[in-house]
Structures are given as structure tokens and as C-alpha cells.
Amino acid sequence: QVQLVESGGGLVQAGGSLRLSCAASGRTFSSYAMGWFRQAPGKEREFVAAIRWSGGSTYYANSVKGRFTISRDNAKNTVYLQMNSLKPEDTAVYYCAAAPVYGHRTPEWYDYWGQGTQVTVSS
């Protein structure tokens, strides 16, 4: 079992930055691939970024590539999403999730989810 709790969301102006954190509990955190997803009102949940259990490989949605960076610290049981050059279209609830297998962009591959943290980017 893995419990996930996101933090770090808030209101920021376009062009600004935020860093989201996802704290995990459970002894098996380091064995899971981790992902970030987001969901805007009236839209489906969409993939943002993922990182292998070792942290040695990452990939991103095209919409955030070059602006967002996913990282993890297995010693702290935490995964991060550094978001730079934020745009109003980045406004959404952001979720972290854990998957037993790395390399998937769709929610059904992820077994555990946090409750989400709101990110609002004003123009």
C-alpha cells in the first residue's frame, strides 16, 4: 500500500513558478514509478510527467516539455514537480500517482492516487 499526499499548489501569475511535492508513505515507494496528472474543470485527467523508480528516466507531455521537471528523492519518499513559465492553460488540479510499471501515460496503469492540489495561473 502507498498513500500519497500532494502539496505546493496555489495561485501564481503567468510566467511564474511553483514546485509541487508528493509525500508517500509505505515501505515500497521506491519500487514504484511515479507520475503527475492534471485535470481542469470539464476536462479529462491528462498525463503530465512520469519518472522511473530509480529516477534515471523521465518523460513528459508535449504541452509541458521544457517547462516542467519531475524528480524524486527515495530517501524522503517524495516526488516533485517543478513548474516554470506557467501559463493560464496549466490551471488544473494536479495529482500524483504510483504505478508498478514505468512507461504509461494513461490513468488506468496507476494503482495509487493522491487527493490533488489546485494550481491556478492568472493571466
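Our subject in this report is the structure included herewith. Numbers given to residues run from 1 along each chain, matching the order in which its sequence is written. This being a predicted model, a pLDDT of at least 70 is required before a residue's local features are given, and a value of 80 or more before pairs of side-chain atoms are given or counted; all residues contribute to the totals for chains, interfaces and linings. To get the side-chain values, take all heavy atoms of the structure and skip hydrogens and water.

Put simply, DSSP marks the helices as runs of H or I at least four residues long and the strands as runs of E at least two long, and each gets a number from the N terminus on. Mapping Ser21 onto the fold places it in strand β3 (residues 18-25). Throughout, a contact is declared for two residues whenever any of their heavy atoms are within 4.5 Å. Apart from residues no more than four positions distant in its own chain, Ser21 is found in contact with Val5, Glu6, Ser7, Trp36, Thr78, Val79 and Tyr80.

Before going further, it helps to spend a moment on the environment of Arg19. In this fold, Arg19 is placed in strand β3. Accessibility expressed as a relative area gives 47% for Arg19, which makes it partly exposed. Linking Arg19 and Ser30, residues 11 residues apart in sequence, is a C-alpha distance of 21 Å. Beyond its immediate sequence surroundings of up to four residues, Arg19 is in contact with Ser7, Gly8, Tyr80, Leu81 and Gln82. Only protein chains enter the accessibility calculation, which uses a 1.4 Å probe. A residue is then buried if its area is under 20% of the maximum for its type, exposed if over 50%, and partly exposed in between.

Attention now moves to the pairing of strand β8 (residues 78-83). Among the 6 residues in β8, 5 count as buried, and that is most of the element. Being paired, for any two strands, means DSSP has found at least two bridges between them. Direction of pairing for β3 relative to β8: antiparallel, over a ladder of 6 bridges. Across the sheet, Ser21 pairs through a bridge with Tyr80, a residue of β8. The pairing of strand β7 (residues 68-73) with β8 spans 6 bridges and is antiparallel. By the bridge assignment, Ile70 is partnered in β8 with Leu81. Hairpin connection between β7 and β8: a loop of 4 residues separates the two successive antiparallel strands, and Asn77 in this loop has a positive phi of roughly 55°.

None of the figures reported here should be taken as evidence of function without further support.
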